[in-house]
Amino acid sequence: MTEALPHVLAAPKDGAAISHLCLRPKRNARRFVDEITLTKAQGIPGERWATQPWLRLEGGAPHPGIQVCVIPKRILDLVWSPDGEALHPGDTFSADIDPSEANLPEGQLLTVGSAVLRVSEVFNDGCVKWKARYGADVYHWVRDPAHRAYRLRGFLCSVVQDGVIRTGDVLRKADG
């Protein structure tokens, strides 16, 4: 995996077309679509974020910083194939963009389709399912403390402005 790092880090800094729009209606279920509605109140209506989030606020509500998951397309291409046996990671969409903290700091606003997202403070380090699906080497590579600032597993966002995203829409940094 180490040999892939220069290629991953060379991703564009802005203006990335999105692909692989994925809904997760329940655990380990994936449905690929061409369009997803995003809302501040519900994240992605019909997704399990509202009922089964992996992170909650102190009062028990789902953490808004995990409404949308973005996986770098160069990482997705390394670990998953639509024709393969491994389950898609379940991220909302992929984008060929540099996910690093230097490029997309916490709080960075992003526009995509008619929606606006905010890069979350919640770090996505991959879970044990990532290890089971894609192997221990990939799991440890994305979680390596030396790689933390690169956000190799992708980044998480909250919805700031309701909107619709579609395959091919362009993810762009916005002024905040």
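Attention in this report is confined to the structure presented alongside it. Fair warning: this is a prediction, and the values are worked out from it, not measured in the lab. (Residues numbered from 1 in each chain as written. Predicted model: local features only at pLDDT ≥ 70, side-chain atom pairs only at ≥ 80, totals over all residues. Heavy atoms only, no water.)

## Observations concerning the sheet that holds strand S7 (residues 109-112)
- Strand order in the closed barrel formed by seven strands is S1-S6-S5-S9-S8-S7-S11, and the pairing between neighbours is mixed. The average angle at which neighbouring strand axes cross in this sheet is 40°, direction not considered. (Pairing = 2+ DSSP bridges. Helix = DSSP H or I, 4+ residues; strand = E, 2+ residues; numbered from the N terminus. Axes fitted to C-alpha atoms, helices over the stretch in contact; angles between N-to-C directions.)

## As for the pairing of strand S11 (residues 170-174)
- Relative to S11, strand S1 (residues 16-19) is paired through two bridges, and the arrangement is antiparallel. Residue pairing across strands places Ala16 opposite Leu171, the latter belonging to S11.
- Pairing geometry for S7 and S11, over three bridges, is antiparallel. Its bridge partner being in S11, Thr111 is matched across the sheet by Arg172.

## Focus on empty space enclosed by the protein
- Tallying each qualifying case throughout the model produces one cavity of 30 Å³ or more.
- One number sums up the size of the largest cavity: a volume of about 60 Å³.
- Taken together, Arg24, Arg48, Trp49, Gln52, Pro53, Trp54, Ile66 and Cys69 form the lining of the largest cavity.
- Across the lining of the largest cavity, the residue classes break down as five nonpolar, one polar and two charged. (1 Å grid on protein atoms, 1.4 Å probe; cavity = no way out; pocket = protein on both sides within 12 Å on 5 of 7 lines; lining within 4 Å. Points joined across faces, edges and corners; volume = space filled by probe spheres on them. Nonpolar A, V, L, I, M, F, W, Y, C, P; charged D, E, K, R; others polar.)

## Remarks on the nonpolar core
- Leu38, Phe93, Leu117, Phe155, Ile165 and Leu171 are the most contacted members of the largest nonpolar core, which has 24 residues in total.
- Secondary structure elements with two or more residues in this core: S1, strand S4 (35-38), strand S5 (68-72), strand S6 (93-95), S7, strand S8 (115-119) and strand S9 (155-161).
- Residues within four places of Phe155 in sequence aside, it is in contact with Val68, Cys69, Val70, Ile97, Pro99, Leu104, Leu110, Val119 and Leu171. (Core = buried A, V, L, I, M, F, W, Y, C linked by side-chain atoms within 4.5 Å. Buried < 20%, exposed > 50% of the residue type's maximum accessible area, 1.4 Å probe, protein only. Contact = heavy atoms within 4.5 Å.)

## Comments concerning the pairing of S5
- Among the five residues that make up S5, five are buried, leaving the element largely enclosed by the rest of the structure.
- Burial along S5 is two-sided: the face carrying Val68, Val70 and Pro72 and the face carrying Cys69 and Ile71 are both buried.
- Sheet topology note: the S5/S9 ladder contains three bridges and is antiparallel. Residue Val70 lies in a different strand from S9, and its bridge partner there is Phe155.
- Of the pairings in the sheet, the one linking S5 to S6 comprises three bridges and is parallel in character.

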